[in-house]
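Given next are the chains, with one letter for each unit.
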Amino acid sequence: MSWYAPRHLDEALALLARRPHVMLVAGGTDVMVGSEARAEGGEYLSLAGVAGLRGIRETPAGVTIGALTTMTEIGQHPVVFRDLPALAASARATGAVAIQNRATLGGNIMNASPAADNAPALLAYGASVVLMSAGGSRHVPYERFHEGYKATARRPGEILGEIFVPFPPPQARHYFRKVGTRRAQAISKVGLAALLAGGPGAWQCVRFGFASVAATPILARALAAAITGAACSLPDNESLAEALGRDLAARDDTRSTAEYRRRVAMNLVREALAPWRYQGGFDASD
């Protein structure tokens, strides 16, 4: 095994330009788990000590989160907690406290699991990511980042540098819920984050981000289209099920069944749309 530990971003990018297929490591919480699927040995580039990839900056339009920012830092940040509560809730639902102290948002994204806890909130909020290389940087909308199971838009030689999350419209409703076997340290069977904003009596901004219902985290576009412009009330079950069925590609696996996931997804959508859910803010994870 070869292990590289640069201290500066330029150094990391230069090394990655020379060795574009080296395995990147952030918080390292999944290194040993993933090693079972890889051959012995290999090359690793630890980003943990790289200056400039950690922290949360507030701007007038939203927050910029460094890729090495931990779940604990995100879940406890006052601006994230106040203005992006679904993202704060997803950070507090990621593993146990010890994991949250090391696991990073960038690592959660780059792991590219369809069950990633933070993905639904990033999709619901319309986040984007910045991919950096020795040749420059490029912005990718997060809804286009996952290209297939464990496949992303990252190219060889690139590092995920930061994530931008725009502030939602004023008075928007926020929702997050993770359904798993336990309340902590569970991989989600279904995860949903929703952002809902309405004009006079009708939904004008609707975004639903799902985890564990397809080969990648998904933005439920058919569901949003069916609800946008409709009255701010609960649609009938048939309409919801028909729209949701066009988005979901749930499958049976060792954690759950496709039928269970479809039923739970439907229940979560109805829960997110129910006005009383928002009297106390956002829903914490199961």
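Basis of the calculations
Residues numbered from 1 in each chain as written. Predicted model: local features only at pLDDT ≥ 70, side-chain atom pairs only at ≥ 80, totals over all residues. Heavy atoms only, no water. Phe/Tyr/Trp six-rings, centres within 6.5 Å; stacked < 30°, edge-to-face > 60°. Buried < 20%, exposed > 50% of the residue type's maximum accessible area, 1.4 Å probe, protein only. Lys NZ or Arg CZ within 6 Å of the ring centre and 35° of its normal. Helix = DSSP H or I, 4+ residues; strand = E, 2+ residues; numbered from the N terminus. Polar contact = N/O pair within 3.5 Å; in protein donor to acceptor, adjacent residues only side chain to side chain. Contact = heavy atoms within 4.5 Å. Pairing = 2+ DSSP bridges. Axes fitted to C-alpha atoms, helices over the stretch in contact; angles between N-to-C directions. Core = buried A, V, L, I, M, F, W, Y, C linked by side-chain atoms within 4.5 Å. Parallel < 35°, antiparallel > 145°, perpendicular 65-115°, else oblique. Left-handed = near helix turned anticlockwise from the far one by under 90°. Salt bridge = Lys/Arg side-chain N within 4 Å of Asp/Glu carboxyl O.

Structural notes on the packing of aromatic side chains
This structure, assessed with the given rule, holds two aromatic pairs. A centroid spacing of 6.2 Å and a plane angle of 20 degrees characterise the contact between Tyr-142 and Phe-145, whose relative ring orientation is stacked. Classification of Tyr-142 by relative accessible area gives buried; the value is 2%. Judged by its relative accessible area of 0%, Phe-145 falls in the buried class. A cation sits over an aromatic face here: Lys-189 above Tyr-260, 5.5 Å from the ring centre.

Considering the side chain of Thr-94
Following the sequence through the fold, Thr-94 ends up in the loop between helix H5 (85-92) and helix H6 (97-100). We classify Thr-94 as buried; its relative accessible area is 8%. A distance of 2.9 Å separates a polar atom in the side chain of Thr-94 from the backbone oxygen of Ser-90. When near neighbours in sequence (up to four residues on either side) are disregarded, Thr-94 contacts Met-71, Ile-99, Gln-100, Asn-108, Asp-117 and Asn-118.

Topic: the pairing of strand E11 (residues 173-179)
Judged by how many residues are buried, E11 sits mostly within the fold: six of seven residues are covered. Of the pairings in the sheet, the one linking E11 to strand E12 (residues 190-198) comprises seven bridges and is antiparallel in character. Residue pairing across strands places Arg-177 opposite Leu-192, the latter belonging to E12.

Quick look at the sheet that holds strand E1 (residues 2-4)
Read from one edge of the open sheet, three strands run E1-E3-E2, paired in parallel fashion. Only two strands of the sheet have a single neighbouring strand rather than two, namely E1 and strand E2 (23-25). Strand-to-strand twist in this sheet, taken as the mean axis angle between neighbours without regard to direction, amounts to 25 degrees. Note: E2 against strand E3 (residues 43-46), three bridges, orientation parallel. Pairing of Met-23 across the sheet is with Tyr-44, part of E3.

Observations concerning H5
Among the eight residues that make up H5, seven are buried, leaving the element largely enclosed by the rest of the structure. When H5 is considered as a whole, its buried residues turn out to be Pro-85, Ala-86, Leu-87, Ala-88, Ala-89, Ser-90 and Ala-91.

Quick notes on the nonpolar core
Ranked by size, the top nonpolar core spans 41 residues in total, and within it Ile-74, Leu-87, Ile-109, Leu-122, Val-129, Tyr-142 and Val-165 carry the most contacts. Discounting chain neighbours no more than four positions away, the residues touching Ile-74 are Ile-56, Ile-65, Thr-69, Val-80, Leu-87, Ala-88, Ala-91 and Leu-105. One finds Phe-208, Val-213, Ala-243 and Val-269 within the second-largest nonpolar core, a separate group that totals 28 residues.

Thoughts on the sheet that holds strand E5 (residues 62-66)
By way of backbone hydrogen bonds, the strands of a sheet pair with one another, either parallel or antiparallel. Here five strands make up an open sheet; going across it, the order is E4-E5-E10-E6-E7 and the pairing antiparallel. Every other strand in the sheet has two partners, leaving strand E4 (56-58) and strand E7 (136-141) as the edge strands with one partner each. Here the average twist between neighbouring strands, direction ignored, is 20 degrees. Pairing geometry for strand E6 (residues 128-133) and E7, over six bridges, is antiparallel. Pairing of Met-132 across the sheet is with Ser-137, part of E7.

Concerning the environment of Ala-258
Examined against the element boundaries, Ala-258 turns out to sit in helix H11 (residues 258-273). Taking C-alpha positions, Ala-258 is 9.9 Å from Ser-212, a pair spaced 46 residues apart along the chain. Other than its neighbours up to four places away in sequence, Ala-258 contacts Ala-250, Arg-251 and Asp-252.

As for the packing of helix H10 (residues 237-247) against H11
One can describe the packing of H10 onto H11 by two numbers: an axis separation of 11 Å at closest approach and a directional angle of 120 degrees. The angle between H10 and H11 places the two elements in the oblique class. Along this stretch, H10 crosses H11, giving a crossing that reads as right-handed. Note on element contacts: H11 touches H10 through Ala-265, Met-266, Val-269, Arg-270 and Leu-273, opposite Asn-237, Leu-240, Ala-241 and Leu-244.

Let's talk about unusual backbone geometry
Of note in this structure, Ala-112 is not a glycine but carries a positive phi near 60 degrees. Topologically, Ala-112 is positioned in the loop between helix H7 (105-111) and helix H8 (119-124). The class for Ala-112 is buried, based on a relative accessible area of 2%.

Quick look at the pattern of salt bridges
This structure, assessed with the given rule, holds 13 salt bridges. Of the charged contacts, one joins Arg-246 and Glu-242 as a salt bridge, the two residues approaching to 2.5 Å between their closest N and O atoms. One end of the pair, Arg-246, and the other, Glu-242, are both in helix H10, four residues apart, so they sit about a helical turn from each other. Of the charged contacts, one joins Arg-262 and Glu-259 as a salt bridge, the two residues approaching to 3.5 Å between their closest N and O atoms. Here Arg-262 and its partner Glu-259 are both found in helix H11, three residues apart, which amounts to about one turn of the helix. Here Arg-262 falls in the partly exposed class, since its relative accessible area comes to 40%.

Function cannot be read off these values alone, since they describe shape.
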